[in-house]
Amino acid sequence: MTALGYARNQAPFQELATKIPLAELEPALSGGNHFRAGRLDPDALLLGTAGLLPSQRPECEYSPFEDYDYVNKLEKVWEALQQIDIMDYRAWQFFRVRPANSPLRRIIGMSRLLQRYRERGLLLGLVALVREVPPENGSRFWKMV
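**A word on the environment of Leu 52**
Here Leu 52 lies in the loop between helix 3 (42-50) and helix 4 (68-81). Classification of Leu 52 as buried rests on a relative accessible area of 1%. Along the sequence, Leu 52 and Ile 107 sit 55 residues apart, while their C-alpha atoms lie 9.9 Å from each other.

Written out as structure tokens, the structure is:
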């Protein structure tokens, strides 16, 4: 998670990872249990814990979300999760951050990775993905994995 933040958002991403440990998140994603108090939607859980849902940012007039149905769904799921430990949205840096590096985009990207590899786990899924790269296309580093 820290690497997703690049220079400007490393600390908030690390804080988010501390608030939602992967060891708690992965079993909930695979259907083993429900995370804390509700149905798990990783988008709602991660964005809500990060304090980045529109309802959590009253000072922000601009919302980068274009799909209002999606946003309403996230807000409802977040409300049902009854999370307590929410980050201050002001910890996140958006000024002079390229759109591709936006914390919102990167958090949702992490959510997609978690969903994609929910059966086998994020680490094992990514290691398997790296192993699929033919040696002639990868560096010597990948041969060690």
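Moving on, there is more to tell.
**Some words on the packing of aromatic side chains**
Using the criterion set out here, one finds one aromatic pair in the structure. Taking the centre distance of 5.0 Å and the plane angle of 90 degrees together, the rings of Phe 13 and Trp 92 count as edge-to-face. Within this pair, whereas Phe 13 is found in helix 1 (residues 10-19), its partner Trp 92 is found in the loop between helix 4 and helix 5 (103-116), the two being separated by 79 residues in sequence. The buried category is assigned to Phe 13, whose relative accessible area is 0%. The exposure class assigned to Trp 92 is buried, which follows from its relative accessible area of 4%.

**Details of the packing of helix 3 against helix 4**
At a minimum axis separation of 9 Å, helix 3 and helix 4 run at an interaxial angle of 75 degrees. With respect to each other, helix 3 and helix 4 are oriented roughly perpendicular. Contacts between helix 3 and helix 4 involve Asp 43, Ala 44, Leu 45, Leu 47, Gly 48 and Thr 49 on the former and, on the latter, Tyr 70, Leu 74, Val 77, Trp 78 and Leu 81. Taken together, the residues of the contact of helix 3 with helix 4 break down into eight nonpolar, two polar and one charged.

**Looking at unusual backbone geometry**
Residues other than glycine seldom take positive phi values, yet Tyr 6 does so here, at roughly 50 degrees. Inspection of the secondary structure puts Tyr 6 in the segment before helix 1. Look at Arg 96: it is not a glycine, yet its phi comes out positive at around 60 degrees. Assignment of secondary structure puts Arg 96 in the loop between helix 4 and helix 5. Judged by its relative accessible area of 65%, Arg 96 is exposed.

Conventions we followed
Residues numbered from 1 in each chain as written. Predicted model: local features only at pLDDT ≥ 70, side-chain atom pairs only at ≥ 80, totals over all residues. Heavy atoms only, no water. Helix = DSSP H or I, 4+ residues; strand = E, 2+ residues; numbered from the N terminus. Buried < 20%, exposed > 50% of the residue type's maximum accessible area, 1.4 Å probe, protein only. Phe/Tyr/Trp six-rings, centres within 6.5 Å; stacked < 30°, edge-to-face > 60°. Axes fitted to C-alpha atoms, helices over the stretch in contact; angles between N-to-C directions. Parallel < 35°, antiparallel > 145°, perpendicular 65-115°, else oblique. Contact = heavy atoms within 4.5 Å. Nonpolar A, V, L, I, M, F, W, Y, C, P; charged D, E, K, R; others polar.

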